[in-house]
There are 2 protein chains.
Amino acid sequence: MSVSEQLEIIRRGAVEVLLEKELEEKLEKSLKTGVPLKIKAGFDPTAPDLHFGHTVLLQKLRQFQQLGHEVYFLIGDFTGMIGDPTGKSETRKALTRDDVLRNAETYKDQVFKILDPEKTKVVFNSEWLSPLQASDLIALAAKYTVARMLEREDFHNRFANQQPISIHEFLYPLIQGYDSVALQADIELGGTDQKFNLLVGRELQRGWGQAPQTVITMPLLEGLDGINKMSKSLGNYIGINESPDDIFGKIMSITDELMVRYYELLSDLSLDELGKLQNGLRDGTIHPMEAKKALGRELVARYHGSLEADAAVENFVRRFRDNQVPEEMADIALDCDAGTMLLCKALAEAGLVKSNSEGRRTILQGGVKVDSEKVADENCELYKGKEYVIQVGKRRFARIRVQ
Amino acid sequence: MSVSEQLEIIRRGAVEVLLEKELEEKLEKSLKTGVPLKIKAGFDPTAPDLHFGHTVLLQKLRQFQQLGHEVYFLIGDFTGMIGDPTGKSETRKALTRDDVLRNAETYKDQVFKILDPEKTKVVFNSEWLSPLQASDLIALAAKYTVARMLEREDFHNRFANQQPISIHEFLYPLIQGYDSVALQADIELGGTDQKFNLLVGRELQRGWGQAPQTVITMPLLEGLDGINKMSKSLGNYIGINESPDDIFGKIMSITDELMVRYYELLSDLSLDELGKLQNGLRDGTIHPMEAKKALGRELVARYHGSLEADAAVENFVRRFRDNQVPEEMADIALDCDAGTMLLCKALAEAGLVKSNSEGRRTILQGGVKVDSEKVADENCELYKGKEYVIQVGKRRFARIRVQ
């Protein structure tokens, strides 16, 4: 694939590419020499339970693999094995070598649903950082100033707000940058929140006489609400280990706008196809629900296979059809002397069942819904002066007004 | 010696003792158990050429030795062997192991004129710092915050003035503090400019479950001018390797006030004798010049031995006597027609020589001084309306007024 075609794919969904000119030269050289580029992305050493937000980066790595480049999936176990030396946080215990290896396996189970295992090198930074001497780290620390480190947004804010920053926190961006030196990375990917650290890598590589890595930042994916960043704690996420029906259903629940965003960041749809989809949505030749179904099918298939994806679509369509409230239905007014009326009685009077007792039985068997909610209580009452949509079984509907 | 007597000696000349209460307890314990205290003082690994300013600290260490305690003369070779990793300063090259050992020998040659070699352990911090892993240093860096490190005066000023501070500079106070942990120091001595670093040592020791070291700061010695800190670059110093005559002469040149200060900080005179000296100077029973001679003699003897010291005193007294201008001498007025008068003629007319030509010869032979300055020019002229003290040879003086 030509350099400009590669560039277009790499740019897809990315927030920044620094510097694009350098990237172009690297791609040209790689094309000429046949030597693939080394793409680095770093991940936490803690046990992962990935959601779609994490896969934005993985999707970009997958694209690099499809372009023939080499992905280094770096697990930052070195600092994880130190733990939190301040001893303040109970949650950050030092990981053992075994923890790290176990977590790595959990990673592989999940990420190899997206990445090609053949083109992925899983590396641990402890490999080159554990043998590092204190004197090496001092030499590393000499390469950056306090003032420049304080330019990192979170450091800057904490310093301004007089919240403590431990000195070792200033070492971590340098260590992450040194990983790029050790790997001789051509490109490093990260979220927009990682931009500062990725740029430190560029600088250190220069100091070591290497060509500085191209930095590509990817956006933080919006969650199901379309507003906040997808996260476990906000509950607006789709976990990649969720069931086919849950993943499909959640995808079907998002707005049309967010669907296009997810297509851009998560789907394997080519840029060409993506363009056609957007045009079709705009001129009305493609129905948004059909587009959402196709996206849901693609993503379920990725994590659960094609058969499961087909089943998820069918399940959804059936449930959707079953749950559909018809636009036209009988309008029935029921007279009531008291303030309330028993539901079973209303069912009989409306002709939805033959008698009060059949109404009772049908309620107890779970066959009655009021305003789309299943009713289980045979003594359920309706209020005078209100209107209800009542469903019996799958097909019988009526709009009942108690008066 | 009792604890209170020891305390009095330790306090002599010190700027601060932190905390004195703790020091008292340590001295008591040492007295009870017979286990000497460990006194730490750190020195640069660069080739030393010590002047009296450096010996203030050494003198205090000597007093600790005389009190029976154990001095650790720590050469900070670890960071010296890293050099200046910024590469900005050409003057701070990395020292080799051989450099360090050679410099240590130069140190010993000099400091053992003050310290007792039997009670001095010369240690190199590379011993425990070279095996230190990067991960250990990260754990160390976690124990201190950026904000607190920026409280150190020089860091604070440089930060405020937007002068760069490299991140490794933040590691050095921690490393120096870790030295105290490694040595399990009971006391650390330093100049007042070292106070911050010495206090970091206290804190780290606490973190390691050790009793925090007592911090004793010594003043920066004033130079010969009595105002500025003694330093090579200001030229107001006395080097310990200077000749007996130079050391003695420089001591004789200082003010009476500075002499008392030097006695306090540099001399072995006991506190009792020091008190008597100060009283004697105050009530006039001791002549300042005699006190200065005694100080000069003591200090020359320390670096060159007793015989050399006696010779220096004699040399000084003889030179002094020879250079002395008598208070009483002949007052001679010489009449002069022109604006000036030849010096040789004036010598003859004043009867200091027999003729103009003898005057010329004596000038050329270097035998004539005008206002204590030797005159070499036979055509030297004196000005009408002025008065001169003229010396011929060692003994002939006259006050001559040309009118």
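Residues numbered from 1 in each chain as written. Chains lettered and ligands numbered in written order. Predicted model: local features only at pLDDT ≥ 70, side-chain atom pairs only at ≥ 80, totals over all residues. Heavy atoms only, no water.

1. What to know about the interface of chain B and chain A
On the side of chain A, 32 residues touch chain B, which itself brings 32 residues to the contact. The contact between chain B and chain A buries some 2,700 Å² in all, and 78% of this surface belongs to carbon and sulfur atoms. It is Ile138(B), Val146(B) and Ile167(B) that lose the most area in chain B upon contact with chain A, and together they represent 27% of the buried surface on that side. Taken together, the connections running from chain B to chain A amount to 12 residue pairs in polar contact (both at pLDDT 80 or more). (Contact = heavy atoms within 4.5 Å. Buried area = accessible area lost by both parts, 1.4 Å probe. Polar contact = N/O pair within 3.5 Å; in protein donor to acceptor, adjacent residues only side chain to side chain.)

2. Some points on the packing of helix H10 (residues 167-183) of chain A against helix H11 (residues 195-207) of chain A
Residue and element names in this part refer to chain A. Running from N to C, H10 and H11 point in directions that differ by 55°, and their axes come no closer than 8 Å. With respect to their mutual orientation, H10 and H11 come out oblique. Where H10 crosses over H11, the handedness of that crossing is right-handed. Between H10, through Pro-173, Leu-174, Gln-176, Gly-177, Tyr-178, Ser-180 and Val-181, and H11, the contact on the second element is made entirely by Asn-197, Leu-198, Val-200, Gly-201, Leu-204 and Gln-205. Classifying every residue of the contact of H10 with H11 by side-chain character gives 7 nonpolar, 6 polar and no charged. (Axes fitted to C-alpha atoms, helices over the stretch in contact; angles between N-to-C directions. Helix = DSSP H or I, 4+ residues; strand = E, 2+ residues; numbered from the N terminus. Parallel < 35°, antiparallel > 145°, perpendicular 65-115°, else oblique. Left-handed = near helix turned anticlockwise from the far one by under 90°. Nonpolar A, V, L, I, M, F, W, Y, C, P; charged D, E, K, R; others polar.)

3. Structural notes on a positive patch on the surface
Residues Arg318(A), Arg319(A), Lys394(A) and Arg395(A) make up a contiguous surface patch of positive charge. Relative to the elements of secondary structure, Arg319(A) occurs in helix H16 (residues 306-323). (Patch = residues over 30% accessible without salt bridge, like charges linked within 9 Å, V, L, I, M, F, W, Y side chains within 5 Å. Areas by Shrake-Rupley, 256 points an atom, 1.4 Å probe, with all protein chains shown as cover. Salt bridge = Lys/Arg side-chain N within 4 Å of Asp/Glu carboxyl O. Lys, Arg positive; Asp, Glu negative; His and termini not counted. Charge placed at Lys NZ, Arg CZ, Asp CG, Glu CD.)

4. With respect to the relation of the copies chain B and chain A
Superposition record for chain B on chain A: RMSD 0.6 Å, screw rotation 179°, translation along axis 0.1 Å. Expressed as an axis order, the relation between the two copies is that of a two-fold axis. Taking C-alpha positions as reference, the residue of chain B nearest the rotation axis is Ala134(B), located at 2.1 Å. A share of 100% of interface residues in chain B that are also interface residues in chain A marks the association as one of identical surfaces. (Least-squares fit on C-alpha atoms with pLDDT ≥ 70 in both.)

5. Things to note about the sheet that holds strand S2 (residues 38-43) of chain B
All names here are of chain B. What the 6 strands build is an open sheet, ordered S1-S6-S5-S2-S3-S4; its pairing is mixed. Whereas interior strands pair on both sides, the edge strands pair on one side only; in this sheet they are strand S1 (16-18) and strand S4 (120-124). Across the sheet, the axes of successive neighbouring strands diverge by a mean angle of 25°, strand direction being ignored. With 6 bridges joining them, S2 and strand S3 (residues 70-75) adopt parallel strand pairing. (Pairing = 2+ DSSP bridges.)

6. With respect to the pattern of salt bridges
Under the defined criterion, the tally for this structure stands at 53 salt bridges over all chains. Glu378(B) is paired through a salt bridge with Arg360(B); the nearest N and O atoms lie 3.4 Å apart. In this pair, Glu378(B) sits in the loop between strand S10 (373-374) and strand S11 (381-383) while Arg360(B) sits in helix H18 (residues 356-364), placing the two residues 18 residues apart along the sequence. Its relative accessible area of 25% is what places Glu378(B) among the partly exposed residues. When its relative accessible area of 28% is taken as the criterion, Arg360(B) is described as partly exposed. Ionic contacts of the salt-bridge type, sharing partners, join the residues Arg62(A), Asp268(A), Glu298(A) and Arg302(A) into one network. (Buried < 20%, exposed > 50% of the residue type's maximum accessible area, 1.4 Å probe, protein only.)

7. Details of helix H14 (residues 271-283) of chain B
Every α-helical turn comprises 3.6 residues, leaving residues that sit three or four positions apart pointing alike. All names here are of chain B. A rise of 1.5 Å per residue sets the reference length of H14, with its 13 residues, at 18 Å; its end C-alpha atoms lie 18 Å apart and thus fit the reference within 8%. The inward-facing, buried residues of H14 contact helix H13 (256-266) and helix H15 (288-304). Just past H14, the residue Gly-284 takes up positive phi, approximately 85°. (Expected span 1.5 Å × (residues − 1).)

8. Brief notes about helix H15 (residues 288-304) of chain A
All names here are of chain A. In a regular helix each residue adds 1.5 Å, so 17 residues correspond to 24 Å; H15 covers 24 Å between its end C-alpha atoms and thus fits that length. Three or more residues of H15 are buried, namely Ala-291, Lys-292, Lys-293, Leu-295, Gly-296, Glu-298, Leu-299, Val-300, Arg-302 and Tyr-303. Count one or two residues on from H15 and you reach Gly-305, which has phi positive near 95°.

9. Considering the pairing of S3(B)
Residues and elements named next belong to chain B. Among the 6 residues in S3, 5 count as buried, and that is most of the element. Taken together, the 5 bridges between S3 and S4 define a ladder with parallel strand orientation. The partner of Phe-73 across the bridge, within S4, is Val-122.

10. Structural notes on the environment of Ile114(B)
Position of Ile114(B) among the secondary structure elements: in the loop between helix H5 (97-111) and S4. The spatial distance from the C-alpha of Ile114(B) to the C-alpha of Met230(B) is 19 Å, given a sequence separation of 116 residues.

11. A short note on the packing of aromatic side chains
Two descriptors summarise a pair of aromatic rings, namely the distance from one centre to the other and the angle between the planes of the rings. Under the counting rule described, the total for this entry stands at 17 aromatic pairs over all chains. A cation over a ring is seen here: Arg152(A) above Phe155(A), with NZ or CZ 4.0 Å from the ring centre. The residue whose ring lies beneath Arg97(B) is Phe124(B), and the NZ or CZ to ring-centre distance is 5.5 Å. (Phe/Tyr/Trp six-rings, centres within 6.5 Å; stacked < 30°, edge-to-face > 60°. Lys NZ or Arg CZ within 6 Å of the ring centre and 35° of its normal.)

12. Regarding the confidence of the model for chain A
All names here are of chain A. For chain A, per-residue confidence averages 89 on the pLDDT scale, and 96% of positions sit at 70 or higher. When the elements of chain A are averaged for pLDDT, helix H4 (residues 77-82) gives the smallest value, 78, and strand S6 (residues 214-218) the largest, 96. Contacts for the low-pLDDT stretch residues 86-91, under 50 throughout, to residues beyond four places or in other chains number 4 contacts. (pLDDT = per-residue confidence, 0-100.)

13. Description of the nonpolar core
Within the largest apolar cluster, 62 residues are counted, with the highest numbers of intra-cluster contacts made by Ile167(A), Phe170(A), Leu171(A), Leu174(A), Ile167(B), Phe170(B) and Leu174(B). Ignoring sequence-local partners within four residues, the contact set of Leu174(A) consists of Leu140(A), Ala141(A), Tyr144(A), Met149(A), Val200(A), Leu204(A) and Ile167(B). Counting 61 residues, the second largest nonpolar core, distinct from the first, contains Leu37(B), Leu58(B), Phe248(B) and Ile251(B). (Core = buried A, V, L, I, M, F, W, Y, C linked by side-chain atoms within 4.5 Å.)

14. Remarks on the sheet that holds S10(B)
All names here are of chain B. Taken in spatial order, the 5 strands make up an open sheet running S7-S13-S12-S9-S10, and their pairing is mixed. The sheet is open, and its two edges are formed by strand S7 (330-334) and S10, each paired on a single side. One ladder, built from 2 bridges, connects strand S9 (residues 368-370) with S10; its direction is antiparallel. Bridge pairing in S10 links Val-370 to Glu-373.

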